[in-house]
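# Results of the structural survey
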Amino acid sequence: GSAAGAAGLTELIARSLERARDRTHGLTGPVEEPDLIRQHSPLMSPLVWDLAHIGNQEELWLLRNLGGREPMRPEIDPLYDAFEHPRAARPTLPLLPPDEARRYVHEVRGRVLDMLEQPRWGDEELSRGGFAFGMVAQHEQQHDETMLITHQLRTGPPVLHRPPPPAPPADTLSLAPEVFVPGGPFTMGTSTEAWALDNERPAHEVDVAGFWLDTTPVTNGAYMEFLADGGYDDPRWWSEPGWAHRQKADLVAPLYWSREGEQWLRRRFGVVEPVPAAEPVVHVTYYEAEAYAAWKGRRLPTEAEWEKAARHDPVSGRSRRYPWGDEDPLPRHANLGQAHLQPSAAGSYPEGEAPSGARQLIGDVWEWVSSDFLPYPGFVAWPYREYSEVFFGPDYKVLRGGSFAVDPVACRGTFRNWDYPIRRQIFSGFRTARDGVL
Ligand code: AVJ
Ligand code: FE
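Below is a summary of the structure that appears in this document. (Residues numbered from 1 in each chain as written. Chains lettered and ligands numbered in written order. Predicted model: local features only at pLDDT ≥ 70, side-chain atom pairs only at ≥ 80, totals over all residues. Heavy atoms only, no water.)

### Thoughts on the overall build of the protein chain
- When helices and strands are tallied, the protein chain shows eleven helices and twelve strands.
- Its C-alpha radius of gyration of 22 Å places the protein chain within 12% of the 22 Å reference for a compact globule of 438 residues.
- Dimensions of the protein chain, computed from C-alpha atoms along their principal axes, come out at roughly 60 × 50 × 40 Å.
- A burial count over the protein chain gives 57% of its 438 residues as buried.
- Residue pairs in contact within the protein chain that sit at least 24 positions apart in sequence constitute 77% of those at least 6 positions apart.
- Of the roughly 18,100 Å² of accessible surface on the protein chain, 54% is carried by carbon and sulfur atoms.
- Positive and negative charge centroids in the protein chain, built from 45 and 63 side chains respectively, lie 1 Å apart. (Helix = DSSP H or I, 4+ residues; strand = E, 2+ residues; numbered from the N terminus. Rg over C-alpha atoms; globule rule 2.2 N^0.38 Å. Buried < 20%, exposed > 50% of the residue type's maximum accessible area, 1.4 Å probe, protein only. Contact = heavy atoms within 4.5 Å. Areas by Shrake-Rupley, 256 points an atom, 1.4 Å probe, with all protein chains shown as cover. Lys, Arg positive; Asp, Glu negative; His and termini not counted. Charge placed at Lys NZ, Arg CZ, Asp CG, Glu CD.)

And the structure:
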């Protein structure tokens, strides 16, 4: 096998799988058994479901579909099929208890690492560039982010290891509030990124008119001005479905915020503190983002605008993998990988800046864009229809750029996330845009 022959690729795969597993252990290891089994919110699975589902998908894609092996425990497959049981129903299933789930994922991983050492992995298309392994590493990391969301929803004393907060940025005072992204065609999506998922493909040209974009994500400080101006009580700023949801769900501030006298507080991973003004706002719905933008006399960027701002290099005319270039993310570029349990202050990471001058397009907070989640022209569902294709349509809005809770393996300039516009337990923020010329 030529595919498996490349030692560098094998090592990259092994490292990516190991990093995901270390994180999975960090999110489940310090949790008491009842808290692993309990459902902390009807929006989420019990943590022990995520754990065994991670192993089950790894077994399915790597041992069975790629390697052609027989199922290890066919009787548990239906329990961990995300389409068979909605999240709310998962706590009543006869799930593997925590110890058994740990043994199962460990055994799957052992067999996967044995397979990785083989000269040939199996199915040629799934093997190309190590795609199936990359997909599985991304899948585990996505569920790690899901589990971190569950930890944030969970009440009670903190259990997670607390990494140090990010260093404050040095030069924010000199930053212009918005940057201009010049008009013209650019290449959106990718046909060359080996581990890109189906919804990022293929590369295609999109013409985007010149527009202005916020230099950084919208901060808590800016968002508090919207609150103070009565933004949540003024239907002028809200779309029709947005206002209906604001009324029905009685939204008054971002999720986890509470009021104490004149001060806004918020709870984060079990700690209550004053809302830090310099940090990007997080835990807002699409509708809240949309209303804030309207109040500002602005709008959310489209998905194509966002990607052009993040990838287009006007000098070479080509699209980069990341705002800073083609180099994989390092800690100096972006706040990724749960290196911190919070977003960094707006204006951080000058070394991660895009050619337009926009910062923090990658990392910190997921950014709502105004586009529905739709296939690109020439889209082909591969290798599993249920990853994206079943979600395309007007029900879901796209989020871009990843958050502090996203590992670099599951984050790039082309990466697409999506959710219902009413969701805000996710690490969702936004930035705003406007039409205009330089
Ligand atoms: C891409 C984050 C919307 O969590 O529903 C995990 C990722 N898909 N397992 C999700 C996913 C299958 C997905 N999102
Ligand atoms: Fe999954």
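### A word on the site of ligand 1
- Near ligand 1 the following residues occur: H139, Q142, H143, Y384, Y387, N417 and W418.
- H139 places a side-chain nitrogen or oxygen 3.1 Å from a nitrogen atom of ligand 1.
- Measuring from a nitrogen atom of ligand 1, one finds a side-chain N or O atom of H143 at 3.2 Å.
- Those elements giving two or more residues to the shell around ligand 1 turn out to be α7 (131–153) and β10 (416–419).
- The dominant element in the shell around ligand 1, judged by the number of residues it contributes, is α7, at three residues.
- Residues of the shell around ligand 1, tallied by class, amount to three nonpolar, four polar and no charged. (Near = heavy atom within 4 Å. Polar contact = N/O pair within 3.5 Å; in protein donor to acceptor, adjacent residues only side chain to side chain. Nonpolar A, V, L, I, M, F, W, Y, C, P; charged D, E, K, R; others polar.)

### Overview of the nonpolar core
- Core analysis: the biggest nonpolar cluster contains 118 residues, and F133, L148, Y223, F226, F427 and F430 have the highest contact counts within it.
- Other than its neighbours up to four places away in sequence, F133 contacts I13, L17, L62, L66, V112, M115, L116 and W121. (Core = buried A, V, L, I, M, F, W, Y, C linked by side-chain atoms within 4.5 Å.)

### What to know about the environment of A7
- With respect to the helices and strands, the residue A7 is situated in helix α2 (residues 7–28).
- On the basis of relative accessibility, which here comes to 57%, the residue A7 falls in the exposed class.
- Along the primary structure A7 and E117 are separated by 110 residues, whereas in three dimensions their C-alpha atoms are 9.6 Å apart.

### Description of the sheet that holds strand β6 (residues 263–268)
- Spatial ordering of the open sheet is given by β5-β6-β7, a layout of three strands whose pairing is antiparallel. For this open sheet the edge positions go to β5 (257–260) and β7 (271–274), each flanked by a neighbour on one side alone. Each strand of the sheet is rotated relative to its neighbour by a mean of 35 degrees, with strand direction disregarded.
- As paired strands, β5 and β6 are joined by four bridges and run antiparallel to one another. Across the sheet, the residue bridging to R259 is W264, located in β6.
- Sheet strands touched by helix α8 (residues 220–228): β5 and β6. Its angle to β5, the strand with the most contacts, is close to 65 degrees. (Pairing = 2+ DSSP bridges. Axes fitted to C-alpha atoms, helices over the stretch in contact; angles between N-to-C directions.)

### Overview of the sheet that holds strand β9 (residues 393–400)
- Pairing is mixed in the open sheet, where four strands are placed in the order β10-β9-β8-β11. The open sheet is flanked by β10 and β11 (428–429), the only strands paired with a single partner.

### Things to note about the packing of aromatic side chains
- Scanning all chains against the criterion turns up 32 aromatic pairs.
- For the pair W121 and F133, a centre-to-centre distance of 4.9 Å together with 70 degrees between the ring planes defines the contact as edge-to-face. Of this pair, W121 sits in the loop between α5 (98–116) and α6 (124–127) while F133 sits in helix α7, and the two are twelve residues apart along the sequence.
- A residue is classified by how much of its surface remains accessible, and W121, at 4% relative accessible area, is buried.
- Following the ring pairs from residue to residue traces out a cluster consisting of W61, F83, F373, F379, Y384, Y387, F391, F392, Y396, W418 and Y420.
- Lying across the ring of W49, R90 places its NZ or CZ 3.8 Å from the centre. (Phe/Tyr/Trp six-rings, centres within 6.5 Å; stacked < 30°, edge-to-face > 60°. Lys NZ or Arg CZ within 6 Å of the ring centre and 35° of its normal.)

### A word on the pattern of salt bridges
- Tallied over the full model, the rule gives 41 salt bridges.
- Across the pair R73 and E100 runs a salt bridge, and its minimum N-O distance is 3.2 Å. With R73 in the loop between α4 (47–66) and α5 and E100 in helix α5, the pair connects residues that are 27 residues apart, well separated along the chain.
- On the basis of relative accessible area, R73 is assigned to the partly exposed category, the value being 24%.
- Taken together, the salt bridges that share partners define one network made up of E303, E307, R311, R400 and R416. (Salt bridge = Lys/Arg side-chain N within 4 Å of Asp/Glu carboxyl O.)

### Some words on the environment of R111
- Assignment of secondary structure puts R111 in helix α5.
- Considering only alpha carbons, one finds R111 and L62, 49 residues apart in sequence, at a separation of 9.4 Å.

### Some thoughts on the coordination of the iron ion (ligand 2)
- Each protein donor to the iron ion (ligand 2) is listed here as H53 (NE2), H139 (NE2) and H143 (NE2); together their distances run 2.2 Å.
- Bound by four donor atoms, the iron ion (ligand 2) shows angles of 90 to 172 degrees at the metal and therefore irregular coordination geometry.
- Donor residues for the iron ion (ligand 2), ordered by position in the chain, follow H-x85-H-x3-H. A residue pair is termed long-range when its members are at least 10 positions apart, and H53 in helix α4 and H143 in helix α7 qualify at 90 residues. (Donors = N, O, S within 2.8 Å, 3.2 Å for Na, K, Ca; no water. Tetrahedral: all angles 85-135°; square planar, octahedral: opposite > 155°, others 65-115°.)

Interpretation note: all reported values are geometric properties and have no functional meaning in isolation.
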